[in-house]
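As a plain string of letters, each chain reads:
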Amino acid sequence: MFIRETPTVNKKTGVSYSKYQLVESYRCEKGPRQRIVMTLTELDLDKSLWPALANAIAQRLSGVTSLFESDPIIARYADLAITKYAIRSEVAAAKETRATEADLEMVDLSSAKTINSRSIGPELIGNSFYEALSFDKILESAGLSGESLGIAKATIIARLIHPGSDRKTYSYINSNSSLPEICGIDLSKFHKDKVYAIADKLYDAKAVIEPALYKASSDLFRTNTRLFLFDLTNTYFEGSTKGNSLAKHGHSKEKRFDCTLVSLALLVDHRGLPIYSEIHEGNTSEPRTLISVLDALESLSDGSLFGDVVPTIVMDRGIATKANLELLIKRNLNYVVIERANKKSLYRSHFMEMEGFTEIYDAQGSPVLVKKLQVEPQKPQGQVKTQVQGQVQTLEEDTGTDDNNSYTTSGNTSNSIIKSDSSTGTDDYIRNGVTGKNTGTDDTKITNSNTTDTDTNATSISSSISSSISSSISISSSSSNNNTTTVVLCRSLGRSKKESAISSQANERFLVDITSLNTSITKGSISKTTVVSERIGRIKAKYPSIASKYEISLEYHQDHGKIIKKRRFDKVINLTITEKPTKAKDDNLQGAYVIDTSHSELDAGEIWNIYTTLTKVEDAFRSLKSDLGLRPVYHQLASRTAAHLFISVLAYHLLSAIELTLRQNNDKRRWSTIKEQLNSHRRATIVLTSDKGVVYHIRTSGVSEPVHKEIYRLLGVSDPLKRIKTIATHL
């Protein structure tokens, strides 16, 4: 296609002007021919850009995005041309329709007005995916029927579109949305108590609904990967919660320590599709939530949902305690985790030497260094043995680990032996070819074992596994029966900078608080030893990791301790802070972490990539809190609180399916963006009065704008609502 300029003269006015036409060349029986595709408006564009514009328009007409659309000028002209072309096409179609299906009536144009304008765009998306996930069929199997099905549908979709309290959900359905028409709700019989009642019914049927929904999602979005991500979050209550057994004070993820909390455990797959949820008291310990989630996962496995594939559980350090890791192994589940105990100090020598690491890059393009090791499972007494491509590796212990054991090491052997002496309370063992003794004291003595250069030169990570992560996980089985497990040592530049920045900020704030305290002391505002000590204690408790780096001493008045007027004189006049000598080797552990996994068949980069999928469950929590009204909670009853949270989880089933469909179409927009762009698509009633005094009400959806049509095309959505004409009255 090309753009052709044709000089033209207006026959009435005699004014000369140029007409621009998009022309297509084609060949027929009579030879090459040309046809006009569309006429363009005045084209104030450099002629050298005409071929690019022609190509952009041609690509859009064929439904393919042109590379030239990255130029904003080309994109703007292409948008204008396509919009006007669409309008002309609709006008032509309307003429043809009018000729065959015309419903002609003489009306008073001055009487035209619209009433009952309601949102229709986001509702169409929600309804389409509600049907795609077979919600109605699932809810029927859970015992809902008749009016309850319609109200349940409206409530879940309304939470997706207009998140908030159940009262706000009722208000939105009743006054702002087309959901009553889509769901068949009689508004004259609809009141807010029905929203509360349906939420209770849905939560009561949770055990039936959740597995059925995940099966529907799996059928809609098929995959062979069985990678499951588990985490726990909490949200806060507003108002008094004295009668709510779920409301407890705990560590608020949102820093709302003034409020009581309720916790939500969520299991999602690697694409972010929800599998299972649980609601807990606000002070529930994260590690304690895993058992019930694994029980639910086993019930899904018993239903042959996963076939012969062994699922892989991915967890962060908040849940991945040693006991939970042993639980995963006992249940023959694969895992990729960072243990709650900080294990990086065990591998200090590797992080200091940094030999044998492979460089990969995270989503932000920041380098991450990874190294895979085979590790003998730790015994309760602390036995550890590592190998890299058959080479015995020696690990260091220090007091940075949780099991503050004392080790004296010497020698070099490849055997691993452990002996417990119950009479002395000490353990003699050989670890990584190093003889040691566990005395149970806090002091640590380390003597480096003899090592060779080949130990570290043989640490390059194999890249022989060419299959994708998905196929690797699909065919793998749990390695819990093996004598070794796999760890991946990771050091992230981005994480190192973040940790350094956090440490520097905390250090600065610690010094500011100490300086402020000293100012109060020197002014005499604070002088009592007990008061000063309490203030110092509070500051140390506020910055525990920083306080250990400084020595704080007090300077007293010369008469301090003397008996004056029958009272012991007590006055602090100054505070001195001195930085303690630090271990330079600690800098080598900044940005470092250790991933434990049962997937010995994968290389270091693949294991690291699996672990980073935890961002999917973090995205889920962000969507639940920001997009689906999970916070705050206003309910005063535990049952209503759980029902409110479960409605948000059901809405997240829709949201995750919508966003996954967009990603499959190479569209990275979030639901919040899509919803905002569709807000201008409305459904309204047009009121017209005929010349005979008949008042017509025509209920119809607005014509979709180009941005609406593009979204509907990507998501495969259509409007099921028909135009409805009624006679309101006769004047």
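Residues numbered from 1 in each chain as written. Predicted model: local features only at pLDDT ≥ 70, side-chain atom pairs only at ≥ 80, totals over all residues. Heavy atoms only, no water.

Take the overall build of the protein chain next. Looking only at helices and strands, the protein chain features 22 helices and 25 strands. In the protein chain, which comprises 731 residues, the proportion classed as buried is 46%. Across the protein chain, contacts joining residues at least 24 apart in sequence account for 68% of those joining residues at least 6 apart. Carbon and sulfur atoms make up 50% of the accessible area of the protein chain, which totals about 37100 Å². (Helix = DSSP H or I, 4+ residues; strand = E, 2+ residues; numbered from the N terminus. Buried < 20%, exposed > 50% of the residue type's maximum accessible area, 1.4 Å probe, protein only. Contact = heavy atoms within 4.5 Å. Areas by Shrake-Rupley, 256 points an atom, 1.4 Å probe, with all protein chains shown as cover.)

This paragraph deals with the confidence of the model for the protein chain. A residue-level look at the protein chain finds 81% of positions with pLDDT of 70 or above and a mean pLDDT of 80. Within the protein chain, helix α3 (residues 121–132) carries the highest mean pLDDT (96), whereas strand β14 (residues 417–421) carries the lowest (30). A low-confidence stretch, residues 389–481 stays under pLDDT 50, and its non-local contacts, those more than four residues away or across chains, total 199 contacts. (pLDDT = per-residue confidence, 0-100.)

This paragraph deals with unusual backbone geometry. Notably, M354 is not glycine yet its phi reads approximately 55 degrees, a positive angle. With respect to the helices and strands, M354 occurs in the loop between α12 (348–353) and β10 (358–361). Taking relative accessible area as the criterion, M354 reaches 23% and is therefore assigned partly exposed.

Among the nonpolar cores identified, the biggest contains 96 residues, and I125, L202, I209, I595 and L654 are the most heavily contacted of them. Leave out the neighbours within four places in its chain, and I125 touches I658, W671, L678, I711, Y712, L715 and V717. Membership of the second largest hydrophobic core comes to 24 residues, among which are L267, I275, I319 and L333. (Core = buried A, V, L, I, M, F, W, Y, C linked by side-chain atoms within 4.5 Å.)

In this section: the sheet that holds strand β2 (residues 16–28). With respect to topology, 3 strands assemble into an open sheet ordered β1-β2-β3, the strand pairing being antiparallel. In this open sheet, the two edge strands, each paired with only one partner strand, are β1 (2–9) and β3 (31–40). Pairwise comparison of adjacent strand axes, ignoring direction, gives a mean angle of 40 degrees for this sheet. Where β2 lies against β3, 9 bridges are found, and the strand directions are antiparallel. (Pairing = 2+ DSSP bridges. Axes fitted to C-alpha atoms, helices over the stretch in contact; angles between N-to-C directions.)

For the rest of this paragraph, the subject is helix α5 (residues 147–161). Helix length check: α5 (15 residues) gives 21 Å between terminal C-alpha atoms against 21 Å at 1.5 Å per residue, within 8%. Among the 15 residues in α5, 14 count as buried, and that is most of the element. (Expected span 1.5 Å × (residues − 1).)

To continue, consider the packing of α3 against helix α20 (residues 638–664). Remark: α3 packs on α20, axes separated minimally by 10 Å, with the N-to-C direction vectors making an angle of 100 degrees. Judged by the angle between their axes, α3 and α20 are roughly perpendicular. Taken together, the residues of α20 that come into contact with α3 (itself represented by I125, G126, F129 and Y130) are L654, A657, I658 and T661. Of the residues in the contact of α3 with α20, the class split is 6 nonpolar, 2 polar and no charged. (Parallel < 35°, antiparallel > 145°, perpendicular 65-115°, else oblique. Nonpolar A, V, L, I, M, F, W, Y, C, P; charged D, E, K, R; others polar.)

Among the secondary structure elements, S648 is positioned in helix α20. You can call S648 buried: its relative accessible area is 0%. Here the alpha-carbon distance between S648 and P163, two residues 485 residues apart in the chain, equals 8.3 Å. Setting aside residues up to four positions removed in sequence, S648 forms contacts with R159, L624, L628, G629 and L630.

Now for the sheet that holds strand β25 (residues 724–730). Across the sheet, 4 strands lie side by side as β4-β23-β24-β25; this open sheet has antiparallel pairing. The strands lining the two open edges of the sheet, one partner per strand, are β4 (107–119) and β25. On average, each strand axis in the sheet is inclined to that of its neighbour by 20 degrees, with strand direction left out of account. Note: strand β24 (residues 694–701) against β25, 6 bridges, orientation antiparallel.

Under the 1.5 Å per step criterion, the end-to-end length of helix α16 (residues 529–542) is 20 Å for 14 residues, consistent within 8% with the ideal 20 Å. Where α16 is concerned, the buried positions are T529, V532, I536 and I539. Projected down its long axis, α16 shows its buried positions confined to an angular sector of 95 degrees, all on one face. Facing away from the buried side of α16 by over 90 degrees, the exposed positions are T530, R538, A541 and K542. Next to the buried residues of α16 lie α15 (493–523), β18 (550–556) and β21 (572–579). (Arc of directions from axis to C-beta.)

Let's shift gears to the pattern of salt bridges. The tally for this structure, following the rule as stated, stands at 20 salt bridges. A salt bridge links R669 to D667; the shortest N-O distance between them is 2.5 Å. A residue is classified by how much of its surface remains accessible, and R669, at 23% relative accessible area, is partly exposed. Three or more residues joined by partner-sharing salt bridges are found here, namely E181, R683 and R699. (Salt bridge = Lys/Arg side-chain N within 4 Å of Asp/Glu carboxyl O.)

Under the definition given, this model contains 8 aromatic pairs. For the pair Y170 and F190, a centre-to-centre distance of 5.3 Å together with 40 degrees between the ring planes defines the contact as tilted. Of this pair, Y170 sits in helix α6 (residues 166–175) while F190 sits in the loop between α7 (179–183) and α8 (192–204); the two residues are 20 residues apart in sequence, bridging distant segments of the chain. For the pair Y170 and F190, one class covers both residues: buried. Their ring planes at 70 degrees and their centres at 6.0 Å tell us that Y203 and F646 sit as a pair that is edge-to-face. Of this pair, Y203 sits in helix α8 while F646 sits in helix α20, and the two are 443 residues apart along the sequence. We classify Y203 as partly exposed; its relative accessible area is 27%. Since its relative accessible area comes to 0%, F646 is described here as buried. (Phe/Tyr/Trp six-rings, centres within 6.5 Å; stacked < 30°, edge-to-face > 60°.)

For S701, the location among the structural elements is in strand β24. Since its relative accessible area comes to 16%, S701 is described here as buried. At 2.8 Å, the side chain of S701 and the side chain of R683 are in polar contact. A distance of 2.7 Å separates polar atoms of two side chains, one belonging to S701 and the other to D719. Setting aside its immediate chain neighbours within four residues, S701 contacts I120, R682, R683 and D719. (Polar contact = N/O pair within 3.5 Å; in protein donor to acceptor, adjacent residues only side chain to side chain.)

Further remarks concern the side chain of S623. Mapped onto the elements, S623 comes out in helix α19 (residues 615–627). Judged by its relative accessible area of 2%, S623 falls in the buried class. Beyond its immediate stretch of four places on either side in the chain, S623 contacts L628, Y652, L655 and R670.

As a further point, take the pairing of strand β9 (residues 334–337). Judged by which residues are buried, β9 turns out to be covered on both faces: N334 and V336 on one side and Y335 and V337 on the other are all buried. As judged from the 4 bridges shared by strand β8 (residues 312–315) and β9, these two strands associate in the parallel manner. Looking at β9, one finds that I313 is bridged to Y335. The β-α-β motif built from β8, the intervening helix α11 (residues 322–330) and the parallel element β9 has right-handed crossover chirality. Here β9 runs beside strand β22 (residues 592–597); their pairing, made up of 2 bridges, is antiparallel. Pairing of V337 across the sheet is with D596, part of β22. (Right-handed = clockwise from strand over helix to strand, strands pointing away.)

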